[in-house]
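Geometric and topological summary
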Amino acid sequence: MTTSQRSDREQREVGRMPRASRVAVTAAYSAQALGYAVLVTSLPALKARQQIDDMTISLILLGVSVAAALGSVLADVVAVRWGSRAALATGLIIEAALLPVVAFETPFAVFVGALAVYGVGLGCVDAASAMQGVLVQRSYGRSLMGGFFAGYTAAAIAGALLVSGVAASAVGAGVAITVAAFVILAIALVGTRLFARDVPVDEALPAAERSRLPRAGIWAFGLVILAVFVVDSSVSTWSTVYLQDNLQALAWVAPLGYAVYQACILVTRLATDRLLPIVGRVRLVLIATLVSIVGCLLVALLPFAAAAVAGFALAGVAVGAVVPVTFGAAGELDPAHSDQVIARVNIFNYAGVIVGAVLVGVLAGGPGLGLGFLIPAVVLLSVLFVLRWFRTSASAKDAARASAAPAA
């Protein structure tokens, strides 16, 4: 079957896609965020139960990020063979199976191993949910990725609130994590019927065509995802520490940096799908990137709590808008290999997480944590050099085709 015939077949499948698929994919994004938010906000209780220190927790989370990159590879393998629906259900089931192991008292080795395997599921869902989101968006003929990611952000906030209500102890944390696991499992089971159907690459393309991927485009969009997740990891990891320890903000003020950051992400994601037809991809990515650069500079150069809180809010604009726009654009880079492209772009996510958490923290012991927020500002500048890849014109598609070559 030729690429053109595959595209025609895929379009027929997409055209018959039930509207319930949009709801199911939104639920998958939400389940992913709920589980992760409940887990990370329960870490203080889990740390006390396992009797480990902050450095050990940091190393474990680093391992989860590495495992998540492997999970993105798993999503690629499963999607190529059986479709992105199967990849998404697989990742969710892995998460649902491993979270209860983490939830209750186990030996330390089992605890670490469970988190590592959970990380594989995490990466698999990250990649497969983006594959599914792009597929549903294509069926609607308009931008929907902002809405999917808005569901993710809203569920993350809900997960944090759930933990704040029940996780005063390790037992409470275990209850919250188990509840999240049951939610994830339910959505996985329902999703096996309602997630969007697609035609697996192995079924649709001859072997000679399966590895012809637009590598330059993958690197361009991957760089954007890396840059944005450097911002996200920096703010998520260090905003409260910076306000409390470096700026001596009041106890109730310190968490506000992260709170307004998340609120800004949610508002931006809710607006993204409406803004895209008005301003276009290139302008939206440009504006969001520049706003977030300004936000990071405010944090780095003005050592005042009010300026830092405002800066963290502005930093959230790029995370809110650029992530869904990038995955949407990556999925259109080469529709015949959409799942493979998205899986590879998603791997850059975890590199950004590691860079943001580690490099900003390194500067805390030298020039100071505030100046560490110059790192995400500088990294974001790289986005300005790959804006042409967000064009929807024929020239951008031609460039993608010209860069296609057998993948390594």
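Remember, it's a predicted structure, so these values are computed and weren't measured experimentally.

Let's shift gears to the overall build of the protein. When you go through the protein residue by residue, the secondary structure sums to 17 helices and two strands. Each of the 408 residues in the protein was classed as buried or not, and the buried ones make up 54%. For the protein, long-range pairs separated by at least 24 residues make up 84% of all intrachain contacts whose partners lie at least 6 apart in sequence. Carbon together with sulfur atoms contributes 68% to the accessible area of the protein, which is approximately 16,600 Å² in total.

Another aspect to go through is a nonpolar patch on the surface. A grouping of Leu 297, Leu 301, Leu 302, Phe 304 and Leu 371 is seen on the molecular surface, where their side chains present a nonpolar patch of about 440 Å² in accessible area. Assignment of secondary structure puts Phe 304 in the loop between helix H12 (256–301) and helix H13 (305–333).

Attention now moves to H13. An α-helical segment advances 3.6 residues per turn. Residues three or four places apart therefore align on the same side. Here H13 spans 42 Å end to end across 29 residues, near enough to the 42 Å set by a 1.5 Å rise per residue. The largest bend in H13 comes to about 30°, at Val 322, with the proline Pro 324 one to four residues further on. Taking burial as the measure, the 29 residues of H13 include 24 buried ones, the bulk of the element.

Another point: the nonpolar core. Of all hydrophobic cores here, the largest spans 119 residues; its most connected members are Leu 92, Phe 312, Phe 327 and Phe 373. Those residues in contact with Leu 92, other than ones at most four positions away along the chain, are Ala 28, Val 125, Ile 184, Ile 187, Ala 188 and Phe 195.

What follows concerns the packing of helix H2 (residues 20–41) against helix H3 (residues 43–50). Remark: H2 packs on H3, axes separated minimally by 5 Å, with the N-to-C direction vectors making an angle of 50°. When the interaxial angle is binned, H2 and H3 end up oblique. Between H2 and H3, the residues in contact are Leu 39, Val 40 and Thr 41 and Leu 43, Pro 44 and Leu 46, respectively. The class makeup of the residues in the contact of H2 with H3 is five nonpolar, one polar and no charged.

What follows deals with the side chain of Ser 129. By the secondary structure assignment, Ser 129 is in helix H6 (residues 108–140). One polar contact links the side chain of Ser 129 to the main-chain carbonyl oxygen of Asp 126, over a distance of 3.2 Å. With near-sequence residues (within four places) excluded, Ser 129 lies in contact with Val 25, Tyr 29 and Leu 88.

So, how was this worked out
- Residues numbered from 1 in each chain as written.
- Predicted model: local features only at pLDDT ≥ 70, side-chain atom pairs only at ≥ 80, totals over all residues.
- Heavy atoms only, no water.
- Helix = DSSP H or I, 4+ residues; strand = E, 2+ residues; numbered from the N terminus.
- Buried < 20%, exposed > 50% of the residue type's maximum accessible area, 1.4 Å probe, protein only.
- Contact = heavy atoms within 4.5 Å.
- Areas by Shrake-Rupley, 256 points an atom, 1.4 Å probe, with all protein chains shown as cover.
- Patch = residues over 30% accessible without salt bridge, like charges linked within 9 Å, V, L, I, M, F, W, Y side chains within 5 Å.
- Salt bridge = Lys/Arg side-chain N within 4 Å of Asp/Glu carboxyl O.
- Expected span 1.5 Å × (residues − 1).
- Bend = angle between axes of the 7 residues up to and from the residue.
- Core = buried A, V, L, I, M, F, W, Y, C linked by side-chain atoms within 4.5 Å.
- Axes fitted to C-alpha atoms, helices over the stretch in contact; angles between N-to-C directions.
- Parallel < 35°, antiparallel > 145°, perpendicular 65-115°, else oblique.
- Nonpolar A, V, L, I, M, F, W, Y, C, P; charged D, E, K, R; others polar.
- Polar contact = N/O pair within 3.5 Å; in protein donor to acceptor, adjacent residues only side chain to side chain.

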